[in-house]
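# Observations on chain architecture
One letter stands for each residue in the lines below.
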Amino acid sequence: MFPYKTSFQLLRNLNTPLYLQLSNQFIELIKSHKIPPETKLPSSRSLSELLGVHRKTVVACYDELMLQGWVDSIPKKGTYVKASLPILTQQEFLEEDSVLSNEANFKFSKNENFNKKRVNTDESWVLVDDGISDVRLTPLKDIARTYRRLCDRKRTIKSLSYGETFGSGKLRKVLASYLNKTRGLQYTEENILITRGSQMGIFLASKLLLEKDDIIVVGETNYIAADVTFSERTDRILRVPVDEDGIKTDDLEQLCKRKQIKAVYVTSHHHHPTTVTLSAERRIHLLNLAKEYRFAIVEDDYDYDFNYNHAPILPLASHDTQGNVVYIGSICKTVAPVFRIGYLIGPKDFVEEASRVRRYVDRQGDALLELTFADFIESGDLDRHIKKTLKTYQQRRDFFCEQFQQELCDYFEFDIPKGGMAVWVKLKSPYTWKEVSEVAKKYKLELGEWQRYDVSRTGHNAIRIGFASKNEEEIEELVMCFKKTFQEISLKTSSVKSFVR
Ligand SMILES: Cc1ncc(COP(=O)(O)O)c(C=O)c1O
């Protein structure tokens, strides 16, 4: 007889219940054929006595084994290990095979433009971001309280099942009223698809608007993630210059006369990356061109809430009477990037189609989070949060610009941005971002994706440096790291010069 008494080791101080410890050890013994197929297992009474456990523990263990298909219980006869077991023999894993798992043994398409850079998460480094909110200011407790209150409501249970791909009806209604009131839009909830953030909106718009040889026009230079998204659909991304009034619509008009344009992508509030605002005159011009040449305007209003010098400028979408604008936004910048809630707004037929396409990538959004944010907006909590952060970010912008002007004006030049979360910082000649980013590493300063707008590609020699995510102490630390970096570069340059002399 199998030595049951000595073959099991049951520990009462583990989190795993005794019956599961017992069944897991039984499974190992059955898999290894130490208890062979068709063996009759001891009765629950005798095994419980042998092991010194309650009989109910053994009964629960046998039930578990039966549920998992390892044993059969035959009435009046007893419990037997199954005659044939579907045991998968795991292949032995050899060290030299490990490299194989890095490469697929099949073909798949790759887009070389996709960002492969790993994010530096080492907290002892100073990281330059390109304009994100300070997540420490997130009203997490208020959001959690709203979420909990929602979970306590009986009717919330309905939201746990599959729901609308369009997103929560309540959030769509609340958003329609909120955006109509605050941004002068004139949409109903039927014009709104809730997305997982602005990026999903850009993706859906791109998928619906662009076929292989279609032309999309963007600013020179443009938000790189949008460029990459469009490049998935078409090779014909045409660029028109951007100056201090935003994208040059006269140049766009010339282009429209020569070519058939399918869409124009704009970050009208604060052009990404240069942060300038599209002037009122050009807004009207752009809308008129869209009407005349029948193209779509994809308006990415990613940081509408953050204006420091004036009230926010109303979006192009608020003047769209012809159904030319697809308006995209999110709360990811306003509250925190982790809350993946955004919206794509536009003509009803377009939004319906976008919802159909979205369904096959992402059946629906997070209904509970959507309801939470519907309450959060309705209660005025979102507005209170915006007011608070706006004040903080304005102080940080001013402090950042002061410090950079005072301490780093020999190396950098920039205009004070009227809004947003980043400054477009130009590097003075003869410095290069490549060199700066390499030397900066010595001082634990990570410049991130400085290549995005590199001079060799775009002619700019500038990067975005975010100020909103850093408090004054952190801004001072950033300035200090840059100072040390430039001192070292200058020292190297002067010693090379004296050597040449
Ligand atoms: C111009 C622009 N559009 C869209 C996004 C994506 O935002 P979201 O987090 O809402 O997807 C970003 C993010 O940085 C952005 O800068």
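Calculation criteria
Residues numbered from 1 in each chain as written. Predicted model: local features only at pLDDT ≥ 70, side-chain atom pairs only at ≥ 80, totals over all residues. Heavy atoms only, no water. Domains from an automatic or database assignment. Near = heavy atom within 4 Å. Polar contact = N/O pair within 3.5 Å; in protein donor to acceptor, adjacent residues only side chain to side chain. Areas by Shrake-Rupley, 256 points an atom, 1.4 Å probe, with all protein chains shown as cover. Pairing = 2+ DSSP bridges. Helix = DSSP H or I, 4+ residues; strand = E, 2+ residues; numbered from the N terminus. Contact = heavy atoms within 4.5 Å. Axes fitted to C-alpha atoms, helices over the stretch in contact; angles between N-to-C directions. Phe/Tyr/Trp six-rings, centres within 6.5 Å; stacked < 30°, edge-to-face > 60°. 1 Å grid on protein atoms, 1.4 Å probe; cavity = no way out; pocket = protein on both sides within 12 Å on 5 of 7 lines; lining within 4 Å. Points joined across faces, edges and corners; volume = space filled by probe spheres on them. Nonpolar A, V, L, I, M, F, W, Y, C, P; charged D, E, K, R; others polar. Buried < 20%, exposed > 50% of the residue type's maximum accessible area, 1.4 Å probe, protein only. Parallel < 35°, antiparallel > 145°, perpendicular 65-115°, else oblique. Left-handed = near helix turned anticlockwise from the far one by under 90°.

## Considering the domain arrangement of the protein
Considered domain by domain, the protein is made up of domain 1 (4–81), domain 2 (126–135 + 384–485) and domain 3 (138–380). Put simply, the middle of domain 1 and the middle of domain 3, counted by C-alpha atoms, are 58 Å apart.

## Some words on the site of the ligand
Neighbouring the ligand are G197, S198, Q199, Y223, T267, H272, D300, Y302, S330, C332, K333 and R340. One of the side-chain nitrogen or oxygen atoms of D300 is found 2.6 Å away from a nitrogen atom of the ligand. Between the ligand and the protein, one listed contact pairs an oxygen atom with a side-chain N or O atom of S330 at 2.7 Å. Out of a free accessible area of 400 Å², the ligand has 89% covered by protein chains.

## Regarding the sheet that holds strand β5 (residues 216–220)
Pairing is mixed in the open sheet, where eight strands are placed in the order β4-β11-β10-β9-β8-β5-β6-β7. On the outer flanks of this sheet lie β4 (192–195) and β7 (246–247), each paired with one strand and no other. In this structure, β5 lies alongside strand β6 (residues 237–243), joined through five bridges in parallel fashion. Paired with I216 across the strands is I237, a residue of β6. The strands touched by helix α9 (residues 249–258) within the sheet are β5, β6, β7 and β8 (263–266), with β6 carrying the most contacts at an inclination of about 155 degrees. Where helix α11 (residues 348–359) meets the sheet, its contacts fall on β4, β10 (325–330) and β11 (342–345), and the angle it forms with β4 comes to roughly 30 degrees.

## Quick look at the sheet that holds strand β13 (residues 422–427)
Sheet architecture is open: three strands sit in the order β12-β13-β15, paired in antiparallel fashion. The sheet is open, and its two borders are formed by β12 (412–413) and β15 (462–466), each paired with just one other strand. Sheet analysis places β12 next to β13, joined by two bridges and oriented antiparallel. Along β13, the bridge assignment pairs E413 with K426. Seen against the sheet, helix α14 (residues 433–440) touches β12, β13 and β15 and runs at an angle of roughly 110 degrees to β13.

## Here's the deal with the packing of aromatic side chains
For the structure on display, the rule yields 23 aromatic pairs. Ring geometry for F412 against F486: centres 5.3 Å apart, planes inclined by 85 degrees, an arrangement best described as edge-to-face. Placement of the pair is F412 in strand β12 and F486 in helix α16 (residues 472–500), with a sequence separation of 74 residues. An aromatic cluster is defined as three or more aromatic residues linked by ring pairs; in this entry it consists of Y308, F400, F404, Y411, F412, F414, Y431, W433, F467, F482 and F486.

## Here's the deal with empty space enclosed by the protein
Where empty space is left becomes clear once a probe the size of a water molecule has been rolled over the atoms. Scanning the entire structure with this criterion turns up three cavities of 30 Å³ or more. Put simply, the largest cavity is a space of about 80 Å³. For the largest cavity, the full set of lining residues is L175, Y178, L179, R183, D305, S330, I331, T334, Y343, I377, L382 and I386. Looking at the lining of the largest cavity, the elements that each hand over two or more residues are α6 (169–183) and α13 (381–408). Each residue belonging to the lining of the largest cavity can be placed in one class, and the counts come to eight nonpolar, two polar and two charged. Of the volumes computed, that of the second largest cavity is approximately 60 Å³.

## Structural notes on the pairing of β4
With burial as the criterion, each face of β4 is covered, one bearing I192 and I194 and the other bearing L193 and T195. Sheet analysis places β4 next to β11, joined by four bridges and oriented antiparallel. From the neighbouring strand, L193 faces β11, where its bridge partner is L344.

## Focus on the side chain of H269
Mapped onto the fold, H269 is located in the loop between β8 and α10 (280–293). A residue is classified by how much of its surface remains accessible, and H269, at 2% relative accessible area, is buried. When near neighbours in sequence (up to four residues on either side) are disregarded, H269 contacts V276, T277, R283, D301, D303, Y304, N307, P312 and I313.

## Focus: the packing of α6 against helix α12 (residues 367–378)
Running from amino to carboxyl end, α6 crosses α12 at an angle of 30 degrees, the nearest separation of the two axes being 8 Å. By the angle class used here, α6 and α12 are roughly parallel. The element α6 and its partner α12 pack so that their crossing is left-handed. Residues K170, L171, V174, L175 and Y178 of α6 lie in contact with α12, whose contacting residues are E370, L371, F373, A374, D375, I377 and E378.

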